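Here's the letter readout for the chains.
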Amino acid sequence: MSTARGFQFGGVTIPYRGLAMVSTAVLIGSYLSILYDIANIAGDRGNLLLLVAGAFVGATLLARKLPVWVAFAVGAVLFVGGMFAYYATIPGGVNVFSQAGQIAADNIALLTGLSILEMRKVGTWALGVAPATVFVPWYLVCRRRYMLAAASGGAALGFFVLTGDAGSLVTLAGMLGALGIIAFGTMVRYGATVGQIDVLVVALVAMVLLSATASVVPGGRASPILSNGGGSGGNGGLISNNPRVSVQGSIELSPKVQYTVTASHGGYWKVASYDRYTGNDWIRTGGSRAYEQQSSPPGDSYEIRQTFTVKATRADAMPAAWKPIRVLGNQQSDTRISSAGSLSPKRPLTKNQTYSVVSRVPTKNPSVLRRAGTDYPSDVRQRYTHVPGSTSQRLKERAGEITADAKTPYDEAVAIEQWLETNKEYSLDVDRPDGNIADSFVFEMNEGYCVYYATSMVVMLRTQGIPARFVTGYTSGQRTDEDTWVVRGLDSHAWVEVYFPDTGWVRFDPTPTDERVDAEQSIVENARQNGKSGIDASGSENGTWTPEPTTTTTTTTTTTTTTGDETNDTSNGSTGGELPDRQGPGNGIVGSSSPSRTTTTTTNATAGGGGIPIGLPSKSQVLYGGLLVIGLLLTARRTGLVNRAYRTMWMRWQPRDEPDADVERAFDRLEYYLSRKHRKRRPGETPREYIASLSHVGVDERAERVGSLYEKARYAGEVTRDNADEAVSLVNDIVRGSDGGETSG
């Protein structure tokens, strides 16, 4: 029950003002949940809670003293101060005045699809914006400025919708809060009640559906200061390739050829690396910049010259051995470089298009790496040793137990790599766990594929203070000649890179090799037997080419010489050294239909399986579908469409009842029809007079007969079944425009 002041429940009145304040809290809480998740990932949740609590208390206390314009000024000062604090943390600093245009471009990028999580100093940014976004709407609702409170909070929520960080439930909760502020605030101000609640529900449905269908212009066009640190400009998109890798459940891999590679050595063909781990997925922070020749990695390295030919319909990635230092030929002008040094095309590569790259691969010399020490650059330490707040203590302890006997970071990396290879089984058919992926894989799962192995190794290394990053790309593929490899979709893979001073990033792969080899061979053979196209190229159907055993040397950037590939470490089997020519499938990272997709697709099918997966509607689809139905029904009711539709059906079809009831309803139908076609019956006008008055406009004896039967049923109470059927049939003729003949009702 509602009154002019509030709702009554059990004799207790809940004032509309209190409900408006609750709605404001819901709206603020919707986008605070995003900021809390960000702060949790960055390890700043405690500081965020203190700032938010202070903003709530300050707004409540100052609401009685500050005029509105002063409060807006306070909010502006809080926001600008927070942004200055954020930009002050960027390496190298930012001159706000000389780089105002770049800063504006950065924020425009956020408004056109750049996720906040792609920003380097995202935790500091969250702490900077939180106080202002809490203070202003809460102050306004305390001052009973409900429309302004809804507008300011809604603007903050809208920002997160534009960045793509507000999910369906967050958006829905925020819009419920905004509508509640407007509705209950109106009731407070004008003493209204909820008798017209359907109007509010229609408004809510319209808002929610608008939020669900609104599209955002994808991809900014800046190389952002907010994520790149120094803010070096550049042309083209902010992020090339997918900036996020989501860990999925079961996957099915494609055996189709994606690239052919001609190279002086085999290797892992890297696509991208990711530095920010959220507990559920990986994100690449930083932008991309225009191509420029890169420096060689520090320490010993050897050169690989590669030419890739695209065999897929299109490719959004430029795989290359790490570290690419030079792109050859005309492709230079169409290439961009990520903040981590990976290559990407400005526009998708097309089938049979080629590009050539020169890479310098760091030599994985165990004795050198054991002497590397832990003098990491501050930026590397900050960026690549962080773990989210959801990382459990037991995972840190397990990593410590595994590496207890290791004396150097290299030995720790090898120990974790070997532990994962030994204690986990390889499988593409897994259920995605809830919670932190690394924690779940280490303690609760017996098997998984490369994404799970690589994620767990990176996180375990980081808990020990060792810089590590998650990497996606392709294994070398099937070798078909001395210098030729065929790379299929199933060669897509995830592995680990660990940083060593004076050497740079060195590859480790904790995923068991033999199981991957078996899976690849099985998938390819099944595809060949089933006659699938695009499975082979350049003689790959003839089997893997094997070189004659020879002893070769490769000159490094110093006078040191190494064996032909990347390893002279045989003490740790397949884990301690790198075997670039190892065959084996990937794990769906780069995608089974396009080699550039870094998010795996959940198909709930094992490798080599067939069939088309049929998915049930998601919760959000059911929610939006239900809201759409409710909104359409309420809108139809409010506009009279429901009543008109009912009356139209009622006028054209009559179920049968007792004879007198049938005659009376037949006359009611006739009267409604005549009122819509000509005029309504006037007060005091008898049925006989009403029908007679319409004779000059074509109302004939059929209507007169129905009127006569109605008088007989109403006043004499003597009608037969035949009389009733006659009345119904005559009205059917009139309504349906028949000139005669009997039709059944």
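How each quantity is defined
- Residues numbered from 1 in each chain as written.
- Predicted model: local features only at pLDDT ≥ 70, side-chain atom pairs only at ≥ 80, totals over all residues.
- Heavy atoms only, no water.
- Patch = residues over 30% accessible without salt bridge, like charges linked within 9 Å, V, L, I, M, F, W, Y side chains within 5 Å.
- Areas by Shrake-Rupley, 256 points an atom, 1.4 Å probe, with all protein chains shown as cover.
- Salt bridge = Lys/Arg side-chain N within 4 Å of Asp/Glu carboxyl O.
- Lys, Arg positive; Asp, Glu negative; His and termini not counted.
- Charge placed at Lys NZ, Arg CZ, Asp CG, Glu CD.
- Helix = DSSP H or I, 4+ residues; strand = E, 2+ residues; numbered from the N terminus.
- Expected span 1.5 Å × (residues − 1).
- Buried < 20%, exposed > 50% of the residue type's maximum accessible area, 1.4 Å probe, protein only.
- Phe/Tyr/Trp six-rings, centres within 6.5 Å; stacked < 30°, edge-to-face > 60°.
- Lys NZ or Arg CZ within 6 Å of the ring centre and 35° of its normal.
- Axes fitted to C-alpha atoms, helices over the stretch in contact; angles between N-to-C directions.
- Parallel < 35°, antiparallel > 145°, perpendicular 65-115°, else oblique.
- Contact = heavy atoms within 4.5 Å.
- Nonpolar A, V, L, I, M, F, W, Y, C, P; charged D, E, K, R; others polar.
- Bend = angle between axes of the 7 residues up to and from the residue.
- Pairing = 2+ DSSP bridges.
- Core = buried A, V, L, I, M, F, W, Y, C linked by side-chain atoms within 4.5 Å.

Sorry if this is basic, but what is going on with a negative patch on the surface here?
A cluster of acidic side chains, namely Glu425, Asp429, Asp431 and Glu447, defines a negative patch on the protein surface. Among the structural elements, aspartate 431 can be located in the loop between β16 (425–426) and α14 (437–444).

Help me out: how do you make sense of helix α6 (residues 146–163) in this one?
Working note: α-helix, 3.6 residues per turn, so residues spaced by three or four point in the same direction. Compared with the 26 Å implied by 1.5 Å per residue over 18 residues, the 26 Å span of α6 between its first and last C-alpha is a close match. Turning to α6, its buried residues are Tyr146, Ala149, Ala150, Gly153, Ala156, Leu157, Phe159, Phe160 and Thr163. Looking one or two places after α6, you find glycine 164, whose phi comes out positive at around 85°.

What is the right way to read the packing of aromatic side chains from this model?
Each aromatic ring pair is described using two quantities: the centre-to-centre distance and the angle formed by the ring planes. Tallied over the full model, the rule gives 26 aromatic pairs. Among the aromatic residues, those joined into a ring-pair cluster are Tyr259, Trp269, Phe308, Tyr355, Tyr474 and Trp485. Just above the ring of tryptophan 322 sits the side chain of lysine 270; from NZ or CZ to the centre is 3.8 Å.

I'm lost on the packing of helix α3 (residues 68–88) against helix α5 (residues 122–142) in this one. Help?
Any two packed helices are characterised by the angle at which their axes cross and by the distance between the axes. Across the interface, α3 lies against α5 with an axial gap of 7 Å and an inter-helix angle of 175°. When the axis of α3 is compared with that of α5, the two are roughly antiparallel. For the pair α3 and α5, contact is made by Val68, Ala71, Phe72, Val74, Gly75, Leu78, Phe79, Gly82, Met83, Ala85 and Tyr86 and by Thr124, Trp125, Gly128, Val129, Pro131, Ala132, Phe135, Val136, Tyr139 and Leu140, respectively.

I would appreciate a short explanation of a positive patch on the surface in the present structure.
Taken together, the side chains of Arg644, Arg652, Arg676 and Arg736 present a region of like positive charge at the surface. Mapped onto the elements of the fold, arginine 736 is located in helix α23 (residues 721–736). Judged by relative accessible area, arginine 736 falls into the partly exposed class, the value being 39%.

Help me understand the packing of α14 against helix α15 (residues 450–463) in this model?
At a minimum axis distance of 9 Å, the contact between α14 and α15 shows a crossing angle of 105°. Our classification of the angle between α14 and α15 gives roughly perpendicular. Along the contact surface, α14 presents Ile437, Ala438, Phe441 and Val442, while α15 presents Tyr452, Tyr453, Thr455, Ser456, Val459 and Met460. Grouping the constituent residues of the contact of α14 with α15 by class yields eight nonpolar, two polar and no charged.

Explain α5 here, please?
Taking 1.5 Å of rise per residue, the 21 residues of α5 would be expected to cover 30 Å, and the 31 Å separating its terminal C-alpha atoms lies within 8% of that figure. A bend of about 30° at valine 129 is the largest found in α5, and the proline proline 131 appears one to four places after it. Within α5, 20 of the 21 residues are buried, which leaves it mostly tucked inside the rest of the structure.

Looking at this structure, I do not really get the sheet that holds strand β13 (residues 343–345). What am I missing?
Within a sheet, adjacent strands bond to each other through the backbone by hydrogen bonds, running parallel or antiparallel. What the three strands build is an open sheet, ordered β8-β12-β13; its pairing is antiparallel. The open sheet has two edge strands, β8 (288–290) and β13, and neither has a second partner. Sheet twist, expressed as the mean angle between neighbouring strand axes with direction ignored, is 40°. The sheet contact formed by β8 and strand β12 (residues 335–338) spans three bridges and is antiparallel. Opposite alanine 290, over in β12, you have arginine 336 as the bridge partner.

Just checking my understanding: could you explain the environment of glycine 286 for this structure?
For glycine 286, the location among the structural elements is in the loop between β7 (281–283) and β8. Along the sequence, glycine 286 and alanine 340 sit 54 residues apart, while their C-alpha atoms lie 8.1 Å from each other.

I'm lost on the sheet that holds β7 in this one. Help?
Spatially, the three strands line up as an open sheet ordered β3-β7-β6, and their pairing is antiparallel. Two strands in the sheet have a free side with no partner beyond their single neighbour: β3 (244–246) and β6 (276–277). Pairing of β6 with β7, which is carried by two bridges, proceeds in the antiparallel orientation. Bridge assignment links tyrosine 277 to a residue of β7, and that residue is tryptophan 282. Relative to the sheet, α15 contacts β6 and β7, its axis offset from that of β7 by approximately 70°.

Where do I start with the environment of phenylalanine 443 in this structure?
As for its placement among the helices and strands, phenylalanine 443 is situated in helix α14. Judged by its relative accessible area of 24%, phenylalanine 443 falls in the partly exposed class. Through-space distance from the C-alpha of phenylalanine 443 to that of leucine 395 is 8.3 Å; in sequence the pair is 48 residues apart. Each residue touching phenylalanine 443, except ones within four places of it in the same chain, is listed here: Arg394, Leu395, Arg398 and Lys424.

Teacher, can you tell me more about the nonpolar core here?
Where a protein is soluble and globular, its nonpolar side chains tend to be buried together. Judged by nonpolar contacts, the single largest core of 87 residues is most densely connected at Tyr259, Leu461, Phe470, Val496, Val498 and Phe508. A total of 10 residues in this core trace back to one element, the largest contributor, which is α15. Once residues lying within four places of it in the same chain are set aside, the contact partners of phenylalanine 470 are Val245, Ala272, Ser273, Tyr274, Trp282, Val451, Ala454, Thr455, Val458, Ala494 and Trp495. Core analysis: the second largest hydrophobic core is formed by 53 residues, Ile116, Val129, Ala150 and Phe159 among them.

Shape descriptors only; they carry no functional weight alone.
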